Amino acid sequence: MNEDIKKYIDQSVLCWLATVSQDNIPNVSPKEVFTYFENDIIIANIMSPQSAKNIKENPNVCLSFIDILVQKGYQVKGKAKIISKHQPEFEALKQPLLKITEGKFPFASIFKISIESTKPIIAPKYMLYPETTEEDQIASAKRVYGI
């Protein structure tokens, strides 16, 4: 995992976790409590029974996150594991997630994603109008979102 991916994880408020069931039925679920730990991405499983069920049946996942103002981020594909509080690594993995939740949201497991591939996500405006700077994009997003 490179520093740019870490930067966009830190700057993103939500990520979207895509899983698929044993019957090939897709599920996309927003996740608010996520970060990185060493070279993996970790997500607190606060209330995600369908994501957990799908990961048990099929560990292949896709995760997307963007900085909504800059409109850049990453798509990550990899394999997910469910780490329960009874597993030894849970204690170390939960620490950075507790900093995000401030202890206000309990979670009994963590989705740990081993990254297999990454792809940048960049708003089309940067390609269609190459003179667009991140500052221009932030100002435009603030106008559109009424910030």
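Residues numbered from 1 in each chain as written. Predicted model: local features only at pLDDT ≥ 70, side-chain atom pairs only at ≥ 80, totals over all residues. Heavy atoms only, no water.

An unreviewed UniProt entry lists the chain under the name Pyridoxamine 5'-phosphate oxidase N-terminal domain-containing protein, with Hyunsoonleella jejuensis given as the organism.

Undergrad: Help me understand the overall build of the chain in this model?
TA: When you go through the chain residue by residue, the secondary structure sums to 5 helices and 7 strands. Against the 2.2 N^0.38 benchmark of 15 Å for 147 residues, the chain shows a C-alpha radius of gyration of 16 Å, consistent with a compact globule. Oriented by its inertia axes, the alpha-carbon framework of the chain measures out at about 50 × 35 × 30 Å. Taken across its 147 residues, the chain has 41% of its residues classed as buried. Of the roughly 8,600 Å² that the chain leaves accessible, carbon and sulfur atoms contribute 55%. Each charge class in the chain can be summarised by its mean position, and for the 18 positive and 17 negative side chains these summaries are 4 Å apart. (Helix = DSSP H or I, 4+ residues; strand = E, 2+ residues; numbered from the N terminus. Rg over C-alpha atoms; globule rule 2.2 N^0.38 Å. Buried < 20%, exposed > 50% of the residue type's maximum accessible area, 1.4 Å probe, protein only. Areas by Shrake-Rupley, 256 points an atom, 1.4 Å probe, with all protein chains shown as cover. Lys, Arg positive; Asp, Glu negative; His and termini not counted. Charge placed at Lys NZ, Arg CZ, Asp CG, Glu CD.)

Undergrad: What's the story with the sheet that holds strand β7 (residues 109–122) in this structure? I'm lost.
TA: In a beta sheet, neighbouring strands pair by backbone hydrogen bonds and run either parallel or antiparallel. The strand order β2-β1-β5-β6-β7-β4-β3 describes an open sheet built from 7 strands, whose pairing is antiparallel. A strand with exactly one partner marks an edge of an open sheet, and here the two such strands are β2 (26–31) and β3 (34–37). Strand-to-strand twist of the sheet, defined as the mean angle between neighbouring strand axes without regard to direction, takes the value 30°. Against the sheet, helix α1 (residues 3–11) touches β3, β4 (40–45), β5 (60–67), β6 (72–84) and β7, its axis set at about 150° to β3. (Pairing = 2+ DSSP bridges. Axes fitted to C-alpha atoms, helices over the stretch in contact; angles between N-to-C directions. Contact = heavy atoms within 4.5 Å.)

Undergrad: How do you make sense of the UniProt feature "domain: Pyridoxamine 5'-phosphate oxidase N-terminal" (unreviewed entry) in the chain when you look at a structure like this?
TA: Taking the UniProt record as the reference, the feature "domain: Pyridoxamine 5'-phosphate oxidase N-terminal" (unreviewed entry) is found at residues 2–101. Along residues 2–101 one finds 30% helix and 43% strand; the C-alpha atoms at either end are 25 Å apart. (UniProt positions renumbered as here; feature names shortened; annotations may be inferred.)

Undergrad: Teacher, can you tell me more about the layout of surface pockets here?
TA: Empty pockets left among the atoms are what a rolling probe the size of a water molecule brings to light. The calculated volume of the largest pocket comes to roughly 200 Å³. In terms of lining, the largest pocket is formed by Ser29, Pro30, Lys31, Glu32, Val33, Ala44, Ile46, Met47, Ser48, Ile100, Thr101 and Phe105. At the level of elements, β2 and α3 (90–101) are the ones that each hand at least two residues to the lining of the largest pocket. Residues that form the lining of the largest pocket fall into these classes: 7 nonpolar, 3 polar and 2 charged. (1 Å grid on protein atoms, 1.4 Å probe; cavity = no way out; pocket = protein on both sides within 12 Å on 5 of 7 lines; lining within 4 Å. Points joined across faces, edges and corners; volume = space filled by probe spheres on them. Nonpolar A, V, L, I, M, F, W, Y, C, P; charged D, E, K, R; others polar.)

Undergrad: Help me understand the nonpolar core, please; the structure alone is not making it clear to me.
TA: Judged by nonpolar contacts, the single largest core of 21 residues is most densely connected at Leu17, Ile41, Ile43, Leu63, Phe65 and Ile113. At the level of elements, α1, β1 (15–20), β4, α2 (49–57), β5, β6 and β7 are the ones that each hand at least two residues to this core. Residues within four places of leucine 17 in sequence aside, it is in contact with Asn27, Val28, Ser29, Lys31, Ile43, Ser51, Ile55, Val61, Cys62, Leu63, Phe111 and Ile113. Residues Val33, Ile42, Leu93 and Ile110 belong to the second largest nonpolar core, which totals 9 residues. (Core = buried A, V, L, I, M, F, W, Y, C linked by side-chain atoms within 4.5 Å.)

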